[in-house]
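Spelled out from the first residue to the last, the chains are:
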Amino acid sequence: MRRILILCGLAVLAPATWLLAGGSALASSAPVATTSGATAITSTGATVNGTVNPTGQATTYAFQWGLTGSYGNEAPLPPASAGAGTADVPVSVDLGGLASGTVYHFRVIASNAGGAATGADETFTTGGTSPTPATVTTGSPSNVTATSAVLNGSVVPGATPTTCSFAYGPTTSYGSLTNAQPVAAATTSVAMTATISGLAPTTAFHYQLVCNSATGTVSGADQTLTTLAAPARIAIAGRRLFISPTGLVGVFVACFGGHPCSGTLSLRAGNTAIAPAVHYSFTNEKETVVFTTLTRAVLRQLKARGTLTATATAADSDGSKSTIPFTLYRELL
């Protein structure tokens, strides 16, 4: 009887042990990725190799590659299948368009439902002579306004195609990039320009031209620009002007919009000046009467007619302008 109980106990324990072992085997397992050396190396290409063990689950793989251990490129895209077996599967990718005489880093990566795996970093050097890096120059800005500017520079790309952008921002950390501009291989200088907008008035900005190619990243020197003040707005008030016996006339002018106003006031009848243009200058959020004197001929004409239609124009140095039609009256003459 005891023997039967012991046998039954073994019969009960055996399946339990099998379940524990089976539970471990059935758990999801990440693939195993191993990077091998590169083959078929030329001055412009190479084949990168490795192995992937899917560990029994559908697995995909790709190679990361680039000029540094940060890589920056991946092939193939989308990743390829390594199957769902349990043995090592040889994998490889042909890389092209490489720079001659250049060191490249690469590694194989793999992924399945159980997780991801990364092979070790490996390197190879393409044949031939290393190409000369691009020569990049950051130029002076142009067309600077209160909220925008044109950034200028130039690049001599050399033997490899290059892509250039301007980095800009309030500090030398920049933070913003203009759209990338492709530049074909060339041994002569190629001008680069980009317009930036949405800037804050009266603010300093740093910028530099940055170019990327198969030989790496090259940046021009840091430059700065300072946006202009927000445009002032000059305004003329009134529609009626009364002339003194001596021909003196005063025009009410107001300044507002962020900074002092400075410019020229002129009076015209059609295309003819009826008084000497006079300069004005006063602070923001202020107003004043700007005086000038009618010419003798116009003063005599006004005395004879009683009224005269003219226009007054205040043209500020920042480009803002206000033009108002007026009627001159002789009541005070």
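See the structure above.
Remember, predicted model here, so these are calculated numbers, not experimental data.

Colleague: So what's going on with the sheet that holds strand S14 (residues 190-196)? Which residues, and what values?
Modeller: One open sheet holds the three strands; their spatial order is S9-S10-S14, and the pairing between them is antiparallel. The open sheet has two edge strands, strand S9 (135-138) and S14, and neither has a second partner. The average undirected angle you get between the axes of adjacent strands in this sheet is 25 degrees. For S9 and strand S10 (residues 149-156), the ladder comprises four bridges, and the chain directions are antiparallel. In the sheet register, Thr 138 faces S10, and the bridge partner there is Gly 153.

Colleague: Explain helix H2 (residues 296-305) residue by residue, including any values.
Modeller: Those residues of H2 that fall on the buried side of the exposure criterion are Val 298, Leu 299 and Leu 302. Buried residues of H2, seen end-on, are gathered within an arc of 100 degrees and therefore sit on one face of the element. Exposed residues on H2 whose side chains face more than 90 degrees from its buried face are Arg 296, Arg 300 and Ala 304. Of the residues trailing H2, Gly 306 is marked for its positive phi of about 95 degrees.

Colleague: Any details on the pairing of strand S18 (residues 233-237)? Residues and values, ideally.
Modeller: A regular strand places its side chains on the two faces of the sheet in alternate fashion. The alternating pattern of S18 places Ile 234 and Ile 236 on a buried face, while none of Arg 233, Ala 235 and Ala 237, on the opposite face, is buried. Of the pairings in the sheet, the one linking S18 to strand S20 (residues 248-256) comprises five bridges and is antiparallel in character. Looking at S20, one finds that Ala 235 is bridged to Ala 254.

Colleague: Now, about the sheet that holds strand S5 (residues 89-95): what can you tell me, with residues and values included?
Modeller: Taken together, three strands build an open sheet; the order of strands is S1-S2-S5 and the sheet is antiparallel. Each having just a single partner strand, strand S1 (32-39) and S5 make up the two edges of the open sheet. Between one strand axis and the next, the sheet turns through 25 degrees on average, direction left out of account. Where S1 and strand S2 (residues 46-53) come together, six bridges link them in antiparallel fashion. Its bridge partner being in S2, Thr 39 is matched across the sheet by Thr 47.

Colleague: Explain the environment of Gly 50 to me, using residue names and the numbers behind them.
Modeller: Within the secondary structure, Gly 50 sits in strand S2. Relative accessible area serves as the criterion here: at 4%, Gly 50 is assigned to the buried category. Counting along the chain gives 17 residues from Gly 50 to Ala 33, while the straight-line C-alpha distance between them is 7.4 Å. Residues in contact with Gly 50, not counting those within four places in the same chain, are Thr 34, Thr 35, Ser 36, Phe 63, Val 89, Pro 90 and Val 91.

Colleague: A description of the packing of aromatic side chains should follow, citing residues and the corresponding values.
Modeller: Per the counting criterion, the structure on display carries five aromatic pairs. Where Tyr 104 meets Phe 124, the ring centres are 5.6 Å apart and the plane angle is 20 degrees; that geometry is what we call stacked. Here Phe 124 lies in strand S8 (residues 122-125) and Tyr 104 lies in strand S6 (residues 103-112), a separation of 20 residues in the sequence. With centroids separated by 6.0 Å and ring planes inclined at 55 degrees, the aromatic side chains of Tyr 280 and Phe 282 adopt a geometry described as tilted. Each member of the pair, Tyr 280 as well as Phe 282, is classed as buried. Three or more aromatic residues joined by ring pairs form one cluster here, namely Trp 65, Tyr 104, Phe 106 and Phe 124.

Colleague: Give me the environment of Thr 102: which residues, what numbers.
Modeller: Mapped onto the fold, Thr 102 is located in the loop between S5 and S6. Each C-alpha atom of the pair Thr 102 and Thr 126 lies 5.4 Å from the other, and the pair is 24 residues apart in sequence. Within the local environment of Thr 102, its side chain forms a polar contact with the backbone oxygen of Ala 99, the two atoms lying 3.4 Å apart.

Colleague: Talk me through the pairing of strand S26 (residues 321-329); I want residue IDs and the actual numbers.
Modeller: Sheet topology places strand S19 (residues 240-242) next to S26; three bridges connect them, and they run parallel. In the strand pairing of S26, Arg 240 is matched with Thr 327. Sheet topology note: the strand S25 (residues 307-316)/S26 ladder contains nine bridges and is antiparallel. In the strand pairing of S26, Thr 311 is matched with Pro 325. Hairpin connection between S25 and S26: a loop of four residues separates the two successive antiparallel strands, and Gly 319 in this loop has a positive phi of roughly 100 degrees.

Colleague: Lay out unusual backbone geometry in plain terms, naming residues and giving numbers.
Modeller: Looking along the chain, the bond that leaves Ala 75 and enters Pro 76 is cis, with omega of -5 degrees. Mapped onto the elements, Pro 76 comes out in strand S4 (residues 72-83). At the junction of Leu 77 and Pro 78, the peptide bond is cis and its omega measures out at -5 degrees in the coordinates. The phi torsion at Ala 40 lies on the positive side, around 50 degrees, for a residue other than glycine. For Ala 40, the position within the fold is in the loop between S1 and S2. You will see that Thr 202, though not glycine, has its phi angle at about 45 degrees, which is positive. As for its position among the elements, Thr 202 is in the loop between S14 and strand S15 (204-213).

Cut-offs applied
- Residues numbered from 1 in each chain as written.
- Predicted model: local features only at pLDDT ≥ 70, side-chain atom pairs only at ≥ 80, totals over all residues.
- Heavy atoms only, no water.
- Pairing = 2+ DSSP bridges.
- Helix = DSSP H or I, 4+ residues; strand = E, 2+ residues; numbered from the N terminus.
- Axes fitted to C-alpha atoms, helices over the stretch in contact; angles between N-to-C directions.
- Buried < 20%, exposed > 50% of the residue type's maximum accessible area, 1.4 Å probe, protein only.
- Arc of directions from axis to C-beta.
- Contact = heavy atoms within 4.5 Å.
- Phe/Tyr/Trp six-rings, centres within 6.5 Å; stacked < 30°, edge-to-face > 60°.
- Polar contact = N/O pair within 3.5 Å; in protein donor to acceptor, adjacent residues only side chain to side chain.

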